[in-house]
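A look at the structure
Here are the chains, one letter per residue:
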Amino acid sequence: MTTLTKIDLQYEKIASGKVRELYRIPGSESLLFITTDRISCFDVILETGIPEKGAILTRLSSFWFQLLQARIPNLRTHLLTLGIPPSLQTIRHLPRSNHSPFAGNQDQVLYEEIQKRSMIVQRLKVFPIESIVRGYITGSAWASYKKDGTMHGVTLPEGLQESQKFDKPVWTPSTKAEQGVKDENISPEEAASIIRQTYPEDYTEYAARIEELSLAIYHEASVYAAERGIIIADTKLEFALDESTSPPSVVLVDEVLTPDSSRFWSAEKYEVGRPQDSLDKQFVRDWLIDKALKGKEGVKLPREIVERTSATYIEAYEMLVGEKWRDEVTFLN
Ligand code: ATP
Ligand code: MG
């Protein structure tokens, strides 16, 4: 298993996030959307990557895009194709990753490593909010409720317990802060007013559509995941506007329903009234706290933590998709 945390292609870079690298594809309006094996915890990127994580997130997102499109009428997503199209031959001549000691034909190996972590997506203007849906009260929502009985500026009924299921899933947006700045929970009205800054005419409609789609996605995904023993406690989605259609359409973008963007709980182990272990970076978070390294830069993870985290991402993939994880490239080329 290879770990790919740094990519430096000679294309025009559109964005470099905590986990992803986005490049413009020459001669096209589409983007090369590469998910690396980087892992961030408490908003800091760690020095050590998680083997195959980028490939797992890529395939899991694409699985969900297909499932959701089949179940939600008129849902549009940014995914065009999985992998790198054969037409992108020039990528073979790009420098290899500066940290992986590849054997053999190094450019070819790198090509395959990038290939399985890549999607070609439509380049769109992303709405500057994180569209969160919560089915259970946990995380920052639980912290805020405990403090003053509210969640995202909305008052909740008294007497809720930690990890309790809401009567109905709730749309709880947050700001989409720049790297290094914490996202802030906001009310639906505040979300609409952020959208208004860019779209003063149609902001109510766009906010309503984002809410409607988010709740539909959460609903379909939760029903599906429940059949596979997983509770989706909450999830974060991103949407963008495609202005090339008439009228413009709200499109689901970024990653969807992965362990990085969602809290997945084991249905079997779930118990109200306490925190739950989630199928994600829990081991890393616990280890960082234990070693007093929370929020520190340049942290290297021990092998055991890396292996357990990688196994957890694979477990989430296998439970949700219902097939064994295989790390070879099985699409295109
Ligand atoms: P995190 O998700 O952990 O907050 P991040 O926000 O820094 O990390 P990454 O996931 O590493 O971001 O990078 C993905 C970036 O690409 C995000 O800024 C996202 O809004 C943007 N993006 C996603 N899909 C598209 C798209 N179709 N067109 C343009 N930008 C996109
Ligand atoms: Mg992201």
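Just so we're clear, the structure is a prediction, and the values are computed from it rather than from any experiment. (Residues numbered from 1 in each chain as written. Chains lettered and ligands numbered in written order. Predicted model: local features only at pLDDT ≥ 70, side-chain atom pairs only at ≥ 80, totals over all residues. Heavy atoms only, no water.)

**Overview of the side chain of Thr 175**
Take Thr 175: it is sitting in strand β13 (residues 174–175). Of the polar contacts made by the side chain of Thr 175, one reaches the backbone nitrogen of Glu 184; its length is 2.8 Å. (Helix = DSSP H or I, 4+ residues; strand = E, 2+ residues; numbered from the N terminus. Polar contact = N/O pair within 3.5 Å; in protein donor to acceptor, adjacent residues only side chain to side chain.)

**What to know about the sheet that holds strand β6 (residues 79–82)**
Across a sheet, strands are paired by hydrogen bonds formed along the backbone, either parallel or antiparallel in direction. Strand order in the open sheet formed by five strands is β1-β2-β3-β7-β6, with antiparallel pairing between adjacent strands. A strand with exactly one partner marks an edge of an open sheet, and here the two such strands are β1 (13–16) and β6. Shown here is a sheet whose adjacent strand axes are inclined to one another by a mean of 20°, direction ignored. In this sheet, strand β3 (residues 30–35) lies alongside strand β2 (residues 20–24) in antiparallel orientation, the contact comprising five bridges. (Pairing = 2+ DSSP bridges. Axes fitted to C-alpha atoms, helices over the stretch in contact; angles between N-to-C directions.)

**Here we look at the pairing of β1**
For a regular strand, the rule is simple: side chains alternate between the two faces of the sheet. Relative to β2, β1 is paired through three bridges, and the arrangement is antiparallel. Each residue of the ladder has a partner; that of Lys 13, found in β2, is Tyr 23. Linkage of β1 to β2, two consecutive antiparallel strands, is achieved through a turn of three residues.

**Describing the site of ligand 1**
In the vicinity of ligand 1, 18 residues are found, and the nearest of them are Val 19, Arg 20, His 78, Gln 122 and Glu 238. Take Arg 20: an N or O atom from its main chain is 2.7 Å from an oxygen atom of ligand 1. In the complex, the protein chains occlude 84% of the 630 Å² of accessible area that ligand 1 would expose alone. Among the secondary structure elements, those contributing two or more residues to the shell around ligand 1 are β2, β3, β7 (118–122) and β14 (230–242). Partitioned by chemical class, the residues of the shell around ligand 1 number eight nonpolar, three polar and seven charged. (Near = heavy atom within 4 Å. Areas by Shrake-Rupley, 256 points an atom, 1.4 Å probe, with all protein chains shown as cover. Nonpolar A, V, L, I, M, F, W, Y, C, P; charged D, E, K, R; others polar.)

**Observations regarding the packing of helix α1 (residues 53–71) against helix α7 (residues 303–321)**
Angle between the axes and distance between the axes are the two parameters that describe a pair of packed helices. The geometry of α1 relative to α7 is characterised by a closest axis approach of 10 Å and an angle of 20° between their N-to-C directions. Considered as vectors, α1 and α7 are oriented roughly parallel to each other. Like other packed secondary-structure pairs, α1 and α7 cross with a definite hand, here left-handed. On α7, the residues that touch Lys 53, Ile 56, Leu 57, Arg 59, Leu 60, Phe 63 and Trp 64 of α1 are Tyr 313, Ile 314, Tyr 317, Leu 320 and Val 321. A class-by-class count of the residues in the contact of α1 with α7 yields ten nonpolar, no polar and two charged. (Parallel < 35°, antiparallel > 145°, perpendicular 65-115°, else oblique. Left-handed = near helix turned anticlockwise from the far one by under 90°. Contact = heavy atoms within 4.5 Å.)

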